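Summary of the model geometry
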Amino acid sequence: MINTMKSLLALCLFYSAASVSTAETPIKHTSFRPGEIWTDNNGAHINAHGGGILYDKGTYYWYGEHKVEGDAGNYAQVGVHCYSSKDLYNWKDEGIALKVVEGDHSHPIAKGCILERPKVVYNKKTGKYVMWFHLELKGKGYGSAYAGVATATKPTGPFKFLKAGRVNPGKWPLNMDKKDQTAEFTKEMPDYVRIIRRDYPGGQMSRDMTIFVDDNGKAYHIYSSEGNITLHIAELTPDYTGHTGKYVRAFINRYMEAPAICKHKGKYYLIASGCTGWAPNAARSAVAKNIAGPWMELKNPCVGPKAGITFGGQSPFILPVQGKPGKFIFMADIWRPKNAIDGRYLWLPMKWEGDQIILEWKDEWTLDDL
Ligand code: GAL
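Everything numeric here is computed off the predicted structure, so don't read it as measured data.

**Description of the site of the ligand**
Around the ligand, the neighbouring residues are Glu116, Arg117, Tyr142, Asp208, Glu257, Gly277, Trp278 and Gln314. Gly277 places a main-chain nitrogen or oxygen 3.2 Å from an oxygen atom of the ligand. For the ligand, whose free accessible area comes to 310 Å², the fraction covered by protein is 90%. In this structure, the ligand is accommodated by the second largest pocket.

**Concerning the environment of Glu226**
Following the sequence through the fold, Glu226 ends up in the loop between β10 (219-225) and β11 (230-236). Along the sequence, Glu226 and Asp180 sit 46 residues apart, while their C-alpha atoms lie 15 Å from each other. Apart from residues no more than four positions distant in its own chain, Glu226 is found in contact with Tyr192, Ile195, Ile196, Gln204, Met205, His232 and Arg249. Within the structure, the side chain of Glu226 is placed 2.6 Å from the side chain of His232, a separation counted as a polar contact.

**Some words on the pairing of strand β1 (residues 49-56)**
Judged by how many residues are buried, β1 sits mostly within the fold: seven of eight residues are covered. In this structure, β1 lies alongside strand β2 (residues 59-65), joined through six bridges in antiparallel fashion. Within β2, the residue paired with Ile53 across the bridge is Trp62. Between β1 and the antiparallel strand that follows it, β2, lie two residues; Lys57 among them carries a positive phi value of about 45°.

**Here we look at empty space enclosed by the protein**
Within this structure, the stated rule accounts for three cavities of 30 Å³ or more. The computed volume of the largest cavity comes to approximately 60 Å³. Here the lining of the largest cavity takes three residues from strand β5 (residues 114-123), the largest share from any one element. Grouping the amino acids of the lining of the largest cavity by side-chain chemistry returns four nonpolar, four polar and three charged.

**Quick look at the sheet that holds strand β22 (residues 356-360)**
With mixed pairing, the three strands of this open sheet are ordered in space as β17-β22-β21. Whereas interior strands pair on both sides, the edge strands pair on one side only; in this sheet they are β17 (302-303) and β21 (351-353). The pairing of β17 with β22 spans two bridges and is parallel. Bridge pairing in β22 links Val303 to Glu360.

Thresholds applied
- Per chain, residues are indexed from 1 in the order of the written sequence.
- The model is predicted, so local features are restricted to residues of pLDDT at least 70 and side-chain atom pairs to those at 80 or more, both for listing and for counting; the totals for chains, interfaces and linings are taken over all residues.
- Heavy atoms throughout the structure, all of them, feed into the side-chain values; hydrogens and water do not.
- The rule for a residue being near a molecule or strand is that one of its heavy atoms must lie within 4 Å of it.
- Identification of polar contacts relies on pairs of N or O atoms within 3.5 Å, with a donor-acceptor requirement for protein atoms, meaning one able to donate a hydrogen and the other able to accept it, and with residues adjacent in sequence counted only if both atoms are side-chain atoms.
- Per-residue and other accessible areas follow the Shrake-Rupley method at a 1.4 Å probe size, with only the shown protein chains counted as cover for residues.
- We place a 1 Å grid over just the protein atoms. Points where a 1.4 Å probe fits but has no way out form a cavity, open points with protein on both sides within 12 Å along at least 5 of 7 lines form a pocket, and any residue with an atom within 4 Å of a point lines it.
- Assignment of a molecule to a cavity or pocket requires that more than half of its atoms lie within 2 Å of the corresponding grid points.
- Strands are runs of DSSP state E lasting at least 2 residues, helices are runs of H or I lasting at least 4, and numbering of each runs from the N terminus.
- The contact criterion used throughout is that any non-hydrogen atoms of two residues lie within 4.5 Å.
- Accessible area is worked out with a 1.4 Å probe on protein chains only. A residue is then buried under 20% of its type maximum, exposed over 50%, and partly exposed in between.
- Strands pair, by our definition, only if DSSP identifies at least two bridges between them.
- Grid points are joined across faces, edges and corners, and a volume is the space filled by probe spheres set on the points.
- Side-chain classes are defined by residue name, with Ala, Val, Leu, Ile, Met, Phe, Trp, Tyr, Cys and Pro counting as nonpolar, Asp, Glu, Lys and Arg as charged, and the others, Gly among them, as polar.

So this is what it looks like as structure tokens:
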């Protein structure tokens, strides 16, 4: 009898636990809860780190690094994960949009490479979805500093790898002093002259990155370069799969990483981080009338407790909210490098005071708070 009661109890417990979150009864989200587990339509924590969002024909697509457990998750074991949503709170798992290559260790996106910060944009001229990402070849740490590109005919992929490499070989930035380009090369030159000179023949380094498409359809690749000391803003070709050779340098010697850009009331705004690896630091912000600069650096946009460490996060993207002109969401990652899959997302509403972006912590918020 006691055994029968026990079995009945176990059965009840099983069904009540099962009803919390299964494929049949996914949790319906009605708000953002920064830093908490964020479940998808299958009840699994969303796995799209360092990501970016594309809005396409009524649907948002979120692309990000698929992480696995442990520190192995800091390397690309699977690829770029894609989710879709109509309301930004509830995300459907669309699977792996770009898969790493298994069984060929020499492939640029071989399993075990470092593939970070994927961003997808749609090219109207070719009808293709174009994904750019930061790539480090397998087994070389962060020494390659490549940008990679892949394309697809559907937003959910599959994306086909096209190429990867350094950026704009044999091209000087439009805003570099002629004297610095031609002075005799010495090891004693300051880093901001020496590194760009060193990399001129083979192409410039490209690590943390984003892609920004302007209202006129021109796209730009914005990346940490020159050993992370400087950001480059480089124009992409009309099909978005290459560089035109036109680029500028910004924030020389400021060690900006994690760049994210938006256009608000006709001006360009940048949020970035400092350069402390997975550990959070104080966010940076800047404004410009022209995407090619000059950029004026503003203050740390975060205010309140933990503002000095961006509330524990680091920016991968600024999301323009559809149907709400001038409204943007700041997206950040809370990295968990010891167990990468447990990384969290920290989305906050963006506000402006004059030119200054303001980010305030919220435990919970909705789109009505924008
Ligand atoms: C961060 C960067 C991340 C990742 C990490 C590795 O600074 O933003 O994307 O590359 O360093 O330490």
